[in-house]
Every structure is written in C-alpha cells, then in structure tokens.
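The residues making up each chain are set out below.
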Amino acid sequence: MSTLRILTSDGLPAFLSFLSQKHHRVLVPVVKSANKRSVIFEPWRAGMPVVLEKATVPPKEAVLPQCETLLTYKKSKNQEDLGDITVSLDDTPEALSTVIFACRPCDARGFRVLDRPFLNGLFADPYYKARRESLTVFTITCSSGCNTCFCHWVGGGPSSPEGSDVLMTKIEEALMLQAISPAGETLLKDCDLPDGKDVFPRAEAVRKAAWASLAPAPDLKQVPQKIAALFGNDDFWQRQTSACLACGACTYFCPACYCFNITDEGDGFGVHGGRRLRSWDNCMSSLFTHEASGHNPRMRKMPRMRNRISHKFSTYPENWGTFSCSGCGRCISNCPVSLDIRAIVLTALNNAG
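In this report, we go over the structure that sits alongside the text. (Residues numbered from 1 in each chain as written. Predicted model: local features only at pLDDT ≥ 70, side-chain atom pairs only at ≥ 80, totals over all residues. Heavy atoms only, no water.)

1. With respect to helix α7 (residues 234-241)
Now for step 1: When we look at burial in α7, the residues that qualify are Phe236, Trp237, Gln240 and Thr241. When α7 is viewed along its axis, its buried side chains cluster within an angular range of 120° and face the same direction. Exposed residues lying more than 90 degrees from the buried face of α7 are Asp235 and Arg239.
Now for step 2: Elements that come into contact with the buried residues of α7 comprise α6 (223-229), α9 (301-320) and α11 (341-351). (Buried < 20%, exposed > 50% of the residue type's maximum accessible area, 1.4 Å probe, protein only. Helix = DSSP H or I, 4+ residues; strand = E, 2+ residues; numbered from the N terminus. Arc of directions from axis to C-beta. Contact = heavy atoms within 4.5 Å.)

Here is the structure:
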C-alpha cells in the first residue's frame, strides 16, 4: 500500500508551511469577494484562510499561464556594416517549483488532457514541460456530485487519481492523504504527519459513498463516431448553437482547453528589446481562425461550436484515445445562457443515426 498520512484541520497551516519550504510556491483555494463570490488559487502565505471548496477557476494556469513570455530578443547593428544585424535571444523557460493544494479530481485530470498534445506530440513544448515537471498535485476527492459536473461520464470520477500525486479525502475534521506518484511518496514520507493506515477504511467508505451518489452515466463509446458523422449536418449544429452568445466563457473556465495565440511586442532595436508572448485564446472567438490572407473559415458561431464539440468528443479521442473533457461542469455553470454540453453530446449520440 502507498504511504498514508492523516492531517487534522488545525495542522493544516504547519503542513502548508512544510510544503512551502520544499517548493517555491504553494497554490491554495481562497475566497475572492467581488460582484460574484469566487474561489480561486493563490500563492499561500502564513495566516491565509484556505477553503477546501471546488474552485471557480481551475488551476490550469500553473502549467499554462494566461500570458507568458516565450522569449525575449534584442537586435543590434554593426555600425561599420549597417546591413549586418545581430539578434540575441533568451528562450529559457520559467518554471517555479509548485504545489497545487486541494484541487479536484476533474482539475487533476485536466492536466493529463493537456499533457498529451504538449508532451507526447511530435515535439514536446519546452515551456509546458518545464512547468509540468516542477508541479506536484494534491487533489481532494469529492464527497458527492453536483448538478453540473459529469466527470464519471468521461472516464473520471469523484476519487479518480489520474493526474494527482497525492489524493486527499475528508474524514470529519481531518484529511486522509494517500500518495499516488513517486513525488507524492517522497513528500509524505518526508513530512511529520502521523500514519493514516487506521483511517484508510473510513476514507474508502467516503469515496464509495460519493460514487454511489452519482446518477448512472450514459454509454459514450459511440460518441466520437456519432459526432464525426454529424459534422456536415449544419441544421444540427445550428440548433445546438442558437442560444450561444459566443462569449468564450466555456473555454476560459475549462481545465482541458488549450487554444492560444502568439504575438510579438516591443522593438528589437529598442532599449528593452522585444518579446514573444503566448496568451490564452479560444476557439469560440470570431477572430481565432482569422488567417493572414483575410480568410476566416469559422466566421459564424455555428462552425465554431461545431469545432469545439468535435475537438473534445471526436478528434481528440481519435488522436489520443480519450475525451478532451474532464466533466468539471464549469462550462455549464458559467455560461450566461446555461448552455449544457451534456445535452449536445447526448443529442448527437441519439440522433446521428
């Protein structure tokens, strides 16, 4: 059996302090008061109140920042030969040793969705790779499902270990910590928390109860083929898209979306030089596929929605063998018109013929 530890609620600050001594930053869920109450991940500081709630925004930014500098560059002219220009650049990845504490299984599974194209494609992305290899994920299992989550539809679950280094389960006022990966083993063996073997059966009971609370999942094995068969059915996609506002909130709250744009800023000849940036973008944006020629193959929102659903439930599975969706349900709960991706998938499943 893997290493098990028990963490009481009054021991949480000391344990987070221990993690912060081992790693450069520890991201924890905290409440953010604004027009709408939110829970987001922020770097832990002593005295910071931590809430063990499902975060409003997934911690995807730990490996794929909203905006990051890929490289900086500076140009200089040879004053003896003005056509002789030298370009110097620095493309060293920035990767802070990071712990994510108390994300959800759907968030951890989102990292695995990102890993496949960024690490296992023809070329590994060096920036993502550096951050991913510096990341340790502590996941807290869910005690029940909610009305928008559907992790068990897409291969996950309330206690799925996929993407996690340590799996935590709440038992009354304590957390039972279970090492999942070698990195998790090392951390738990190094800490001074008491052994958790005696409470493991109680944690198992909590996990089983969470699974039992879920409504049965539909069989989605045929979904990739069904959606592919519907690709040319404009009437179908028009019906699924009519209520969409094309705001893109579904993609920005998604732990598995990874569309981005690359831009250059600054002047290579200037004092500060220039830099190349990678920023989040989304396939629901009308300008996302706007080509340099001026042509835009997805000007209307209908083909953009078709692309989004097809990528998550047809082309990504075709390439990687699993859905590009962790079933967190944030795309549903944050949609201004409550568009439900589950309904689109089920409609495709039942109507593709």
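2. With respect to the nonpolar core
Now for step 1: Counting 27 residues, the largest nonpolar core has Val223, Trp237, Ile309 and Phe313 as the members making the most contacts within it.
Now for step 2: Mapped onto this core, the elements with two or more residues apiece are α6, α7, α9, α10 (330-333) and α11.
Now for step 3: Looking at this core element by element, the count peaks at 5 residues for α11.
Now for step 4: Leaving out residues up to four positions away in the same chain, Phe313 has contacts with Val154, Val223, Pro224, Ile227, Phe323, Cys325, Ile341 and Val345. (Core = buried A, V, L, I, M, F, W, Y, C linked by side-chain atoms within 4.5 Å.)

3. Observations regarding the sheet that holds strand β4 (residues 67-78)
Each strand in a sheet pairs with another by means of backbone hydrogen bonds, the pair being arranged parallel or else antiparallel.
Now for step 1: One open sheet accounts for 4 strands, arranged β5-β4-β11-β10; its pairing is antiparallel. Of all the strands in the sheet, just β5 (81-90) and β10 (260-266) have a single pairing partner and so form its edges. The sheet shows a mean angle of 25° between the axes of neighbouring strands, direction not considered.
Now for step 2: Judged from the 7 bridges that link them, β4 and β5 form a sheet pairing that is antiparallel. What sits directly across from Lys74, in β5, is Ser88. (Pairing = 2+ DSSP bridges. Axes fitted to C-alpha atoms, helices over the stretch in contact; angles between N-to-C directions.)

4. Here we look at the pairing of strand β1 (residues 4-8)
Look at any regular strand and the pattern is simple: side chains alternate between the two faces of the sheet.
Now for step 1: For β1, a buried count of 4 out of 5 residues is recorded, marking the element as mostly surrounded by other parts of the structure.
Now for step 2: The pairing of β1 with strand β9 (residues 174-179) spans 5 bridges and is antiparallel. Along β9, the bridge assignment pairs Thr8 with Ala174.

5. Looking at the environment of Ala130
Now for step 1: Tracing the chain through its elements places Ala130 in helix α3 (residues 126-132).
Now for step 2: Linking Ala130 and Ser97, residues 33 residues apart in sequence, is a C-alpha distance of 9.5 Å.
Now for step 3: Residue contacts for Ala130: discarding those within four places in its chain leaves Pro93 and Ala95.

6. Some details on the side chain of Arg304
Now for step 1: Inspection of the secondary structure puts Arg304 in helix α9.
Now for step 2: Of the buried charged residues, Arg304 lacks a salt bridge, with Asp281 as the closest side chain of opposite charge at 9.5 Å.
Now for step 3: Within the local environment of Arg304, its side chain forms a polar contact with the backbone oxygen of Met284, the two atoms lying 2.8 Å apart.
Now for step 4: The contact partners of Arg304, leaving out residues within four places of it in the chain, are Ala246, Cys283, Met284, Ser285, Ser286, Arg298 and Met299. (Lys, Arg positive; Asp, Glu negative; His and termini not counted. Salt bridge = Lys/Arg side-chain N within 4 Å of Asp/Glu carboxyl O. Polar contact = N/O pair within 3.5 Å; in protein donor to acceptor, adjacent residues only side chain to side chain.)

7. A look at a nonpolar patch on the surface
Now for step 1: Side chains of Ile85, Val87 and Phe269 sit close together on the surface and give an oily, nonpolar patch of about 260 Å² of accessible area.
Now for step 2: Among the secondary structure elements, Val87 is positioned in strand β5. (Patch = residues over 30% accessible without salt bridge, like charges linked within 9 Å, V, L, I, M, F, W, Y side chains within 5 Å. Areas by Shrake-Rupley, 256 points an atom, 1.4 Å probe, with all protein chains shown as cover.)

8. Observations regarding the pairing of strand β3 (residues 38-43)
Now for step 1: Direction of pairing for strand β2 (residues 25-32) relative to β3: antiparallel, over a ladder of 6 bridges. Residue Val30 lies in a different strand from β3, and its bridge partner there is Ile40.

9. Some thoughts on the pattern of salt bridges
Now for step 1: Per the stated rule, a full pass over the model turns up 21 salt bridges.
Now for step 2: Taking the shortest distance from any N to any O, the salt bridge between Glu265 and Arg275 comes out at 3.3 Å. Note that Glu265 is positioned in strand β10 and Arg275 in strand β11 (residues 274-280), a separation of 10 residues in sequence.
Now for step 3: Classification of Glu265 as partly exposed rests on a relative accessible area of 37%.
Now for step 4: We classify Arg275 as partly exposed; its relative accessible area is 35%.
Now for step 5: Note that Asp340 and Arg342 form a salt bridge whose closest N and O atoms lie 2.9 Å from each other.
Now for step 6: Residue Asp340 is classed as partly exposed on the basis of its relative accessible area of 22%.

10. Some points on unusual backbone geometry
Now for step 1: In this model, Glu172 sits at a positive phi of 55°, which is unusual for a non-glycine residue.
Now for step 2: Phi at Ser338 is positive, roughly 55°, even though this residue is not glycine.
Now for step 3: Within the secondary structure layout, Ser338 lies in the loop between α10 and α11.
Now for step 4: What makes Ser338 exposed here is its relative accessible area of 53%.

11. Description of the sheet that holds β3
Now for step 1: Taken together, 7 strands build an open sheet; the order of strands is β1-β9-β8-β7-β6-β2-β3 and the sheet is mixed. Each having just a single partner strand, β1 and β3 make up the two edges of the open sheet. Direction aside, the axes of adjacent strands within the sheet are offset by 25° on average.
Now for step 2: As paired elements, strand β6 (residues 98-103) and strand β7 (residues 135-140) share 5 bridges and run parallel to each other. Residue Ile100 lies in a different strand from β7, and its bridge partner there is Val137.
Now for step 3: Each of β1, β2, β6, β7 and β9 is contacted by helix α1 (residues 12-22), which is oriented at about 150° to β6, the strand it contacts most.
Now for step 4: The strands touched by helix α2 (residues 105-119) are β6 and β7; relative to β7, the strand with the most contacts, the crossing angle is about 150°.

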